[in-house]
Amino acid sequence: SKQAALGNLMANISHQWRDNLTKISYINLGLRAHIMQNREIPLSLLDKSTQEIEQTIDFMSETMQNFLEYYKPSSNIQEFEVHDSIKAVISIIDTRIKNLNLEIIFSIISNTHLKGIRNEWMQVWMNILSNTLNIAQKRSIEYPYIIITIDETTICFQDNCGGVEPAILENLTHDIHSGLGIKMCKDILKKYGKSLHVKNTKEGALFEIKPLSA
C-alpha cells in the first residue's frame, strides 16, 4: 500500500540522516580532541573536515528536498533531465542501495529530457529500482547491479538478479498485473505516450521504456 511504502521511505530517510549525523559528529569529535588537548589543528585537517561536513549537509538537504518533491502532489508540467530525476530517486533510497550492495551503472548515450510531472516519472523510477532491490534481497544476490541506459527514445533498466518469475512474466504479457507496481508505471507512461516492456535476459530482468509506437 502507499502508506506502507511511505513508512519504508521514512525509515530509509531516517537511517540516512542518522548515518550522516554520526559522520558529522565523528568529524567534530576529532576537531574537539585537538582543542581539548591544546594541540594545533593543521590547516589541511581543518580544510578536509569542513569540506566533509559541508558535503554531508548538502547530501542531507538534497535527500530531503527530493523526498518532499517525490510526495508533494503536483500538476506542474515541466521539462527535466532523465538522468537527474533518476539520481534524485537514488538519493532517497541510498541507504537501502548501500545495505544491499547494489551497484548502479549509468550508460548515458544521450542527455535525454522528458516533459511532464516530474514526480510522476520519479514514481516509475522508484518502482523499477525497488523491484530490483526486493528481488536482490529475496534471492540474496551477493553482487547485484543494475545498468541504466538512457538514449534519445529508450530508457532501459537491466539487472543481474535472475529475472522475473515465469508465472509473473506470463501474467504481464497478458496485461495481468500482480503487485510489482507495473500497472501504475504503465498508466503513468501511457499518459506521456510511452510503454513499458518487461522481459528476462541471461542476467536478470530488463525494463524498457519506449515510445508507444515502438
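Model, not experiment: these values are computed from the prediction.

### Digging into the pattern of salt bridges
Line of reasoning, step 1. Per the counting criterion, the structure on display carries 8 salt bridges.
Line of reasoning, step 2. The shortest N-O distance in the salt bridge between Glu 52 and Lys 48 comes to 3.1 Å. Of this pair, Glu 52 and Lys 48 both sit in helix H2 (residues 43-71), 4 residues apart, which is roughly one turn of the helix.
Line of reasoning, step 3. The exposure class of Glu 52 is partly exposed, given its relative accessible area of 23%.
Line of reasoning, step 4. For Lys 199, the salt bridge is made with Glu 208, and the minimal N-O distance between the two is 3.2 Å.
Line of reasoning, step 5. Among the residues examined, Lys 199 registers a relative accessible area of 37% and is labelled partly exposed.
Line of reasoning, step 6. Take Glu 208: its relative accessible area is 11%, and that puts it in the buried class.
Line of reasoning, step 7. Here the residues in one salt-bridge network are Lys 199, Glu 208 and Lys 210, joined through shared partners.

The rules behind each value
Residues numbered from 1 in each chain as written. Predicted model: local features only at pLDDT ≥ 70, side-chain atom pairs only at ≥ 80, totals over all residues. Heavy atoms only, no water. Salt bridge = Lys/Arg side-chain N within 4 Å of Asp/Glu carboxyl O. Helix = DSSP H or I, 4+ residues; strand = E, 2+ residues; numbered from the N terminus. Buried < 20%, exposed > 50% of the residue type's maximum accessible area, 1.4 Å probe, protein only.

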